[in-house]
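Analysis of the macromolecular model
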Amino acid sequence: MMDGFYEAERVDSPDDELARRLTSLFIAFSNARAPLGAAEIRTEYYPGLSEDSFARQFRRDRERLVLCGMNVYEADGGWAADRASFADPPDIGADELAALDIACLQLAEDPSFPYRGDLRIALAKIDDGYEGFPHMATPKAGAQSRQVLALLRAFDARRPVKTAYTNAKGVASERTIAVWGSFNLRDHTYFVAPEVDETGTPTGEPRTWRDDRFGKVKELTGVTYRIPEDFFAEDFRKLPFQIGTDAFEAVFRVPATASEEAVAATGAYGEVGTDGHGHRVWKVEANDCGAAARWAIAGGLVPTGPRRLVDEWRRILSEANDHAGK
């Protein structure tokens, strides 16, 4: 007390405590070089809770951490973060972006907050700006949110799921898959998963599955799987025009005026060479002709093959010019 005044002791709300605990757990698991023991976790982050209460609360917090891009699993008698499950951002640290997402998540989900829609959009733009880093990985509203959450929970528990999946041609079929990882690209979450049999054993190579094509998702009870140690979700991250079934080789000329994003892509994907005129040329796998044409326009690239890609690029430019002239 000083001159009749005193500083009141700060009392955190339950939301404040949750945000602080999740942030602390995220940072602790990010920095841990070995699994953290349950007793250590309970003492440090859940003081005063009984063993049963701690087990229940820690399970709920692990589910929340999955939505923040971190899967925590049992390992060597303790708990560890699965660093191979998600594609990491190249520049910003995991703890900084997680802290931002977690701190804003409460407001973004609060129906009484009048600007929650704007906040969710802003957070999505931040995550997408770091090559789709899936920290909050804000699920879409309604049924689609339930599908994504069901897949994330199954992934956390390492349980395969049965699901109805509609492919790019609009054909729906029943699939059984085991989610190995996930990444965000533009407005979608993509899951990396092989198809598996009833025992959880892969029947083929892992592939990417888009969030809005899933129907009902049901976990297989009594069946679990392991993710190979050499698996990295980053290996499955693709450019926007590399998602689809129409596989072909796209060829682009790379002018000196091309965008930084486009130039960076030429160094990370495909092959770069020169043509007979000394122009820089980029050859890369593509799976969506329209998306490849639009991406080229946005990045300042000039497609030179195949013919259908060049024609689509010209058509889009022509329509844009006609619209601008009206």
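Everything below is about the structure shown above.
The rules behind these values
Residues numbered from 1 in each chain as written. Predicted model: local features only at pLDDT ≥ 70, side-chain atom pairs only at ≥ 80, totals over all residues. Heavy atoms only, no water. Helix = DSSP H or I, 4+ residues; strand = E, 2+ residues; numbered from the N terminus. Buried < 20%, exposed > 50% of the residue type's maximum accessible area, 1.4 Å probe, protein only. Polar contact = N/O pair within 3.5 Å; in protein donor to acceptor, adjacent residues only side chain to side chain. Contact = heavy atoms within 4.5 Å. Core = buried A, V, L, I, M, F, W, Y, C linked by side-chain atoms within 4.5 Å. Salt bridge = Lys/Arg side-chain N within 4 Å of Asp/Glu carboxyl O.

This paragraph deals with unusual backbone geometry. In the segment running from Gly305 into Pro306, the intervening peptide bond is cis, with an omega of -5 degrees. Within the element layout of this structure, Pro306 appears in the loop between β12 (302-305) and α9 (307-324). Positioned with a positive phi, Asp76 is a non-glycine residue whose angle comes to about 50 degrees. Of note, Asp76 is situated in the loop between β1 (72-75) and β2 (78-81).

Attention now moves to the side chain of Thr163. Considering the arrangement of structural elements, one finds Thr163 in strand β3 (residues 161-166). The class of Thr163 is buried, set by a relative accessible area of 1%. There is a polar contact of 3.2 Å between the side chain of Thr163 and the backbone oxygen of Lys216. Setting aside its immediate chain neighbours within four residues, Thr163 contacts Ser173, Glu174, Arg175, Phe214, Gly215, Lys216 and Val217.

Judged by nonpolar contacts, the single largest core of 27 residues is most densely connected at Leu151, Ile177, Val179, Phe191, Phe214, Tyr225 and Phe231. Among the elements that take part in this core, helix α6 (residues 143-157) stands out by supplying 5 residues, more than any other. Those residues in contact with Tyr225 that lie beyond four places of it in its chain are Ala154, Phe155, Arg158, Arg159, Pro160, Ala178, Val179, Trp180 and Gly200.

Before going further, it helps to spend a moment on the pattern of salt bridges. In the structure shown here, the tally under the stated rule is 11 salt bridges. Close ionic contact of Arg307 with Asp311 constitutes a salt bridge, the shortest N to O distance being 3.6 Å. Of this pair, Arg307 and Asp311 both sit in helix α9, 4 residues apart, which is roughly one turn of that helix. The exposed category is assigned to Arg307, whose relative accessible area is 54%. A relative accessible area of 38% places Asp311 in the partly exposed class. Connected via shared salt-bridge partners are Arg21, Asp61 and Arg64.

As far as function goes, none of this settles anything; it's purely spatial.
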